[in-house]
Amino acid sequence: MRPEIKSLVELQSVDMRLAELRASLEALPKQLAETEKQLIDARQNLASAKEALKTSTKDRKTFEMDVEAWKEKARKYRDQSLAVKTNDAYKALQHEIQYAETEVAQAEDRLLERMVAGEDFDRQIKAAEQAIVGVERMALASRQEIKAKQTALQQELAAKQAERQQKIAAVPEELYKVYERVAGRRNHIGVAAVREEACTLCGVRIRPHVFQELRREDCTDIFQCETCTRILYYVEPEPAAAPGGPAESANVRANGISTDGASATNV
Ligand SMILES: [Zn+2]
C-alpha cells in the first residue's frame, strides 16, 4: 500500500476512535441524570407515603369524633325516651336512636378502615425509606463510576488527539483536505477499502480502469468512490494480506461500519 494511503487509513482509525470517545463522553451527562432521577423518584415516593399517612390520620381523628358524637346523640335520645309521656313521642325517639346507632356503626367502619390504611401507609413509609437507602448507595456508586469513566475517556481522548496530529503530519496536505471534507459529510469515515472491485462501504462497483490504477503501487492519483465519495484504496485479497498488521486492522475497523449502505443513495 502507498505510504500516504497507509497513513490516511491509520488516521481514519484514530478518527473513528475519537468519534466513539466523543459520543461516549456526550452520553455521560444523560447517565448521570438517570441516576439522579431514580433518587428523586425514591424521595418522592417517601414524601407521597408520608402525605398519605398524614391525610389518613386526620380522617381517623374526624371519624373518631363522628363515632363519639353519634354515640352521644343516641345516649341523649335514650335518656329523653325514659321521660316521654306519649306513645308517638316514644316511637319518634326510638326512630332517632336507631338512626344514631346506624351512624355510629358506619362511623366505626370508616374508622376501622382508616386504622388499617394507616398501618399500610406505615409499611409503605418504611419500605420507601429502605428503598432510598438502596438508591442512594447505588447513586453514589454510579456517580463514582461515571466520574471514573469520564476521566478515562478524557485521557484517551487527549492521547488520541495527540496521535491524530502525528498521523496528519504523515498525510499529504491535498489528500488530507479531501479526507476531511468527505469524513465531515460521511459519518467520520473518509476512506474506503476496495475489495472484489467494489467499495466496501457503499458497495458500488469500481470502474475497471480505476481499479487497475488503484492496484498499482506507483499510482499517485486520488480516487474517490463515485457514490459515497470516499477516498478509495486497494486491499490485497485475504491470503496475500499481512494479517494483524496496523493497516489491516484499520481496514477491518473501517469495514466494520456496515450501516453505510443507505448513504450511497443520497450523495
Ligand atoms: Zn463508496
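Everything quoted here is computed from the prediction, not taken from an experiment.

Rules of the game
Residues numbered from 1 in each chain as written. Predicted model: local features only at pLDDT ≥ 70, side-chain atom pairs only at ≥ 80, totals over all residues. Heavy atoms only, no water. Helix = DSSP H or I, 4+ residues; strand = E, 2+ residues; numbered from the N terminus. Expected span 1.5 Å × (residues − 1). Bend = angle between axes of the 7 residues up to and from the residue. Buried < 20%, exposed > 50% of the residue type's maximum accessible area, 1.4 Å probe, protein only. Pairing = 2+ DSSP bridges. Contact = heavy atoms within 4.5 Å. Axes fitted to C-alpha atoms, helices over the stretch in contact; angles between N-to-C directions. Salt bridge = Lys/Arg side-chain N within 4 Å of Asp/Glu carboxyl O. Donors = N, O, S within 2.8 Å, 3.2 Å for Na, K, Ca; no water. Tetrahedral: all angles 85-135°; square planar, octahedral: opposite > 155°, others 65-115°. Left-handed = near helix turned anticlockwise from the far one by under 90°. Nonpolar A, V, L, I, M, F, W, Y, C, P; charged D, E, K, R; others polar. Phe/Tyr/Trp six-rings, centres within 6.5 Å; stacked < 30°, edge-to-face > 60°.

1. Observations concerning helix H1 (residues 3-83)
One full turn of an α-helix is made of 3.6 residues, so residues set three or four places apart face in the same direction. Over its 81 residues, H1 runs 121 Å from end to end, which matches the ideal 120 Å to within 8%, given 1.5 Å per residue. If you look at H1, its biggest bend is around 25°, right at Leu28, and the proline Pro29 turns up within four residues after that.

2. What to know about unusual backbone geometry
Of note, the phi angle at Asn187 is positive, near 55°, even though the residue is not glycine. The class for Asn187 is exposed, based on a relative accessible area of 51%. Phi is positive for Glu196, close to 50°, though the residue is something other than glycine. Following the sequence through the fold, Glu196 ends up in the loop between strand E1 (191-195) and strand E2 (198-199).

3. Observations regarding the sheet that holds strand E3 (residues 231-234)
What the 3 strands build is an open sheet, ordered E2-E1-E3; its pairing is mixed. In this open sheet, the two strands that pair with only one neighbour each are E2 and E3. Relative to E2, E1 runs antiparallel, the two being bridged by 2 bridges. Looking at E2, one finds that Val194 is bridged to Cys199. Contacts from H1 reach E1 and E3, with the element oriented near 115° to E3. Those strands touched by helix H4 (residues 208-215) are E1 and E3, and its axis lies near 65° from that of E3.

4. Considerations on the pattern of salt bridges
Counting across every chain of the model gives 22 salt bridges. Of the charged contacts, one joins Glu180 and Arg164 as a salt bridge, the two residues approaching to 2.9 Å between their closest N and O atoms. Remark: Arg164 occurs in helix H2 (residues 87-169) and Glu180 occurs in helix H3 (residues 173-185); sequence separation between them is 16 residues. Note that Arg216 is salt-bridged to Asp218, the shortest N-O span being 3.0 Å. One salt-bridge network, held together by shared partners, links Lys6, Glu10 and Lys167.

5. A closer look at the environment of Glu119
Looking at the secondary structure, you find Glu119 in helix H2. On the accessibility criterion, Glu119 (48% relative accessible area) is partly exposed. Between the alpha carbons of Glu119 and Leu53 there is a distance of 8.8 Å; along the sequence they are 66 residues apart.

6. Some details on the coordination of the zinc ion
Taken together, Cys199 (SG), Cys202 (SG), Cys225 (SG) and Cys228 (SG) make up the protein donors of the zinc ion, found 2.3 to 2.4 Å from the metal. Given 4 donor atoms and angles of 98 to 118° at the metal, the environment of the zinc ion is assigned as tetrahedral. The sequence pattern describing where the donors of the zinc ion fall on their chain is C-x2-C-x22-C-x2-C. Take Cys199 and Cys202: they sit in the same class, and that class is buried.

7. Re the packing of H1 against H3
Between H1 and H3, whose axes approach to 11 Å, the crossing angle comes to 35°. When the axes of H1 and H3 are compared, the crossing they make is right-handed. Contacts from Glu4, Ile5, Leu8, Leu11, Gln12 and Asp15 of H1 reach H3 at Leu175, Tyr176 and Tyr179. For the contact of H1 with H3, the residue count by class is 6 nonpolar, 1 polar and 2 charged.

8. Let's talk about the packing of aromatic side chains
Scanning the entire structure with this criterion turns up 2 aromatic pairs. Centre to centre, the rings of Trp70 and Tyr99 are 5.7 Å apart; their planes meet at 75°, and the pair counts as edge-to-face. Residue Trp70 is located in helix H1, and its partner Tyr99 is located in helix H2; the two are separated by 29 residues in the primary sequence. By relative accessible area, which is 45% here, Tyr99 ends up partly exposed. For the ring pair Phe211 and Tyr234, a centre distance of 5.4 Å and an interplane angle of 80° mean the geometry is edge-to-face. A residue pair is termed long-range when its members are at least 10 positions apart, and Phe211 in helix H4 and Tyr234 in strand E3 qualify at 23 residues. Neither Phe211 nor Tyr234 differs from the other in exposure class; each is buried.

9. Focus: the environment of Val204
Tracing the backbone shows Val204 in the loop between E2 and H4. Its relative accessible area of 26% is what places Val204 among the partly exposed residues. Remark: the alpha-carbon pair of Val204 and Thr227, spanning 23 residues in sequence, is separated by 6.8 Å. For Val204, the contacting residues outside a window of four places in its chain are Glu197, Ala198, Cys199, Cys225 and Thr227.

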